[in-house]
Amino acid sequence: MRDSSLSALFGALSNEMRMSSIANNLANVNTTAFKKDHMAFHDVFTRFAHDYVVTTKSFLRDQDLFPDPKIMAKARLSDQTVDFSQGGMHQTGNQLDFALSGEGFFKAQVGGDELYTRAGNFLVDVDGTLVTQDGHPVMVEGGPLSVPPGAVMTVESDGMISINGEPAGAFDLVTFEDLGGMERVGSNFYRAPGDAAEAEPEDLTVQQGFLEKGNVEVVTEMVQMIETQRAFDMYAKVLQGTDSLDRNMITKVGKIS
């Protein structure tokens, strides 16, 4: 197979993955506190032996002894990370809606795991427990919070909770030194790496009666989608052109007697 076919193939596959990421971002544009995915690509260079011969002393020879370097690049997906930049605020007036401003997460008990989320659109289930939209208990002082029927719940900016005027604890608000290793679980939960230690957030505030919007910019994503589609089309044309050249070569060689 020609090197041009391989380069075009890897380029097309990389852009297919990028298109899937963009589509997922756009699908969650209205998801509370959704954080978009960011994909990065790099070139993997194939070098020839003479590419490593570098001579800065031009007076040693009066003509080049080696041909110009010929470097082939094959695109690869190098990294996929979550963009945790702040989303806008939307006022709801609901006492069970909370938005985080700054770097940090709420903590929730999901099965036997502790997962993290910025989506503060909480509910009270039939047992009176404060839960996420998926029904997972929200951690307050290391455990679930019980909210009596009809109770008035107020939350200060530092996460301290009062129910009917009585202190009830504080949200377990945490962050991590390196957010780049956070693994997305579903659309709104994240799992920390096994060796990551929780840290106390700095400059993180809780706003009751608000929800954080997703940080997806529709116009930017649409422009990237057009760019990705055009790049994919160009790689497809390279594949078609290479295939046509190969067919012509095989046909002509086969006619030589």
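Refer to the structure printed above.
Position numbers for residues start from 1 in each chain and track the written sequence from start to end. Reporting in this predicted model follows two pLDDT cut-offs: at least 70 for local features of residues, and 80 or more for side-chain atom pairs to be given and counted; totals over whole chains, interfaces and linings ignore these cut-offs and use all residues. Heavy atoms throughout the structure, all of them, feed into the side-chain values; hydrogens and water do not.

1. Looking at the nonpolar core
Nonpolar cores are built from buried Ala, Val, Leu, Ile, Met, Phe, Trp, Tyr and Cys residues. Side-chain atoms within 4.5 Å join them into one set. Each residue gets one of three labels from its accessible area relative to the maximum for its type: buried under 20%, exposed over 50%, partly exposed in between, using a 1.4 Å probe on protein chains only. Of all hydrophobic cores here, the largest spans 19 residues; its most connected members are Phe98, Leu130, Leu145, Met153, Ile161 and Phe171. Those elements that place two or more of their residues in this core are strand S4 (97-101), strand S10 (153-155) and strand S11 (160-163). Residue contacts are defined here by distance: any two heavy atoms, one from each residue, within 4.5 Å place the two residues in contact. When near neighbours in sequence (up to four residues on either side) are disregarded, Met153 contacts Gln95, Leu96, Phe98, Leu130, Leu145, Val147, Ile161, Ser162, Phe171 and Gln208. In this structure, Val82, Phe84, Phe176 and Met182 belong to the second largest nonpolar core, which totals ten residues. Put simply, DSSP H or I for four residues or longer makes a helix, DSSP E for two residues or longer makes a strand, and each gets a number counted from the N terminus.

2. Quick notes on the pattern of salt bridges
Criterion for a salt bridge: a side-chain nitrogen of Lys or Arg within 4 Å of a carboxyl oxygen of Asp or Glu. Taken as a whole and assessed by the stated rule, the structure comprises ten salt bridges. Measuring nitrogen to oxygen at the nearest pair gives 3.6 Å for the salt bridge that ties Arg191 to Asp113. Here Arg191, found in strand S14 (residues 189-191), pairs with Asp113, found in strand S6 (residues 113-117); they are 78 residues apart in sequence, far enough to count as distant. By relative accessible area, Arg191 is classed as partly exposed at 29%. Residue Asp113 is classed as partly exposed on the basis of its relative accessible area of 39%. Connected through shared salt-bridge partners, Lys35, Arg118 and Glu212 make up one network.

3. Some remarks on the sheet that holds strand S15 (residues 205-208)
If you walk across this open sheet you meet the three strands as S7-S4-S15, and the pairing is antiparallel. The open sheet is flanked by strand S7 (120-121) and S15, the only strands paired with a single partner. Whether two strands pair depends on DSSP finding at least two bridges between them.

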